[in-house]
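A structural walkthrough
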Amino acid sequence: RFGSMVAAWRLCLDIDNAGRLSYAEMCAAARRLGFAGDLKELFTRYDVGNKGHICLQDLDQESDAVVKSFVELVDQHCGGLEGLWVMLQKDSHLRLDVKDVAKACKMLGYDHEKHKLMKCLQPNFGGTTISIHDIEPLFVLTRKLLRGRTRANRSLHGSGSFQVGGALG
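Residues numbered from 1 in each chain as written. Predicted model: local features only at pLDDT ≥ 70, side-chain atom pairs only at ≥ 80, totals over all residues. Heavy atoms only, no water.

**A look at the side chain of Asp47**
Under the convention used in this document: To qualify as a helix, a DSSP run of H or I must reach at least 4 residues; to qualify as a strand, a run of E must reach at least 2; elements of each kind are numbered from the N terminus. Burial here depends on accessible area, computed with a 1.4 Å probe over protein chains only, as a share of the maximum for the residue type. Under 20% is buried, over 50% is exposed, and the range in between is partly exposed. Counted as a polar contact is a pair of N or O atoms within 3.5 Å, where, for protein atoms, one must be capable of donating a hydrogen and the other of accepting one, and residues adjacent in sequence contribute only when both atoms are in side chains.
Along the polypeptide, Asp47 turns up in the loop between helix 3 (39-46) and helix 4 (56-59). We classify Asp47 as buried; its relative accessible area is 8%. Only 3.1 Å separates the side chain of Asp47 from the backbone nitrogen of Gly52, close enough to count as a polar contact.

What follows is the structure, given as structure tokens:
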């Protein structure tokens with residue numbers, strides 16, 4: 001119906017672009033999609049680690065990794081989406097097709113499958129091109145999630161404020 005799990009996530013599931021779904025949000029999305037099964041069971045199945053929300057990674061780890069690694073490479077090597085278009089020698093008002101995405105993947109050293117990436121970036125089912133405006137919301141959200149992951153890793157492994165034994169030692 002949406003062409004990819006990423007498109008479904010962006011267009012139907014995570015409509016507030018928060019990067020995660022609460023139980024109430026998941027129920028509303030399931031109703032929009034016409035799901036008639038057990039909503040609690042559905043949420044429990046995908047709420048990995050019983051954290052109280054569902055992320056794209058919980059639904060489709062491969063697509064999540066495809067998008068995150070591409071966003072990281074684009075930001076690292078191009079400084080953002082506009083820089084990607086510059087690297088490809090394209091006007092920022094022009095759209096990219098699968099050949100452009102394949103060229104970008106090669107230039108960036110991207111190691112995932114380029115057709116899978118194009119499908120993940122494409123917000124329109126059956127679409128064959130993407131614009132900066134098509135993928136900017138996905139990049140913004142992915143950056144936010146990556147920053148959150150980095151902060152969580154630093155707090156677990158970084159400052160030395162967490163000590164084994166803590167109050168017991």
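**Re the packing of helix 2 (residues 23-33) against helix 3**
Cut-off, in case you're wondering: Interaxial angles span 0 to 180 degrees and are taken between N-to-C directions of axes, which are lines fitted to C-alpha atoms, for helices over the stretch in contact. These descriptions rest on fixed angle ranges, namely under 35 degrees for roughly parallel, over 145 for roughly antiparallel, 65 to 115 for roughly perpendicular, and the rest for oblique. Handedness of a crossing follows from how the near helix is turned relative to the far one, being left-handed for an anticlockwise turn of less than a right angle and right-handed for a clockwise one. Should any heavy atoms of two residues lie within 4.5 Å, those residues are considered in contact. Amino acids outside the nonpolar list (Ala, Val, Leu, Ile, Met, Phe, Trp, Tyr, Cys, Pro) and the charged list (Asp, Glu, Lys, Arg) are all regarded as polar, and Gly is one of them.
Two elements in contact, helix 2 and helix 3, have axes whose closest approach is 10 Å; the angle formed by their N-to-C orientations is 120°. Between helix 2 and helix 3, the crossing angle belongs to the class labelled oblique. Seen along the crossing, helix 2 lies across helix 3 with a hand that is right-handed. Two secondary-structure elements touch here, helix 2 through Tyr23, Met26, Cys27, Ala30 and Arg31 and helix 3 through Leu39, Lys40, Leu42 and Phe43. Grouping the constituent residues of the contact of helix 2 with helix 3 by class yields seven nonpolar, no polar and two charged.

**Looking at helix 3**
Selection rule: It is the directions from the helix axis to the C-beta atoms whose arc is reported.
Listing the buried residues of helix 3 in full gives Leu39, Leu42 and Phe43. All buried residues of helix 3 fall inside an arc of 95° around its axis, so they share one side. Turned more than 90 degrees away from the buried face of helix 3 sit Lys40, Thr44 and Arg45, all of them exposed. Residues of helix 3 that are buried make contact with helix 2. Capping the start of helix 3, Asp38 holds a side-chain oxygen 3.0 Å from the backbone nitrogen of Lys40, two or three residues further along.

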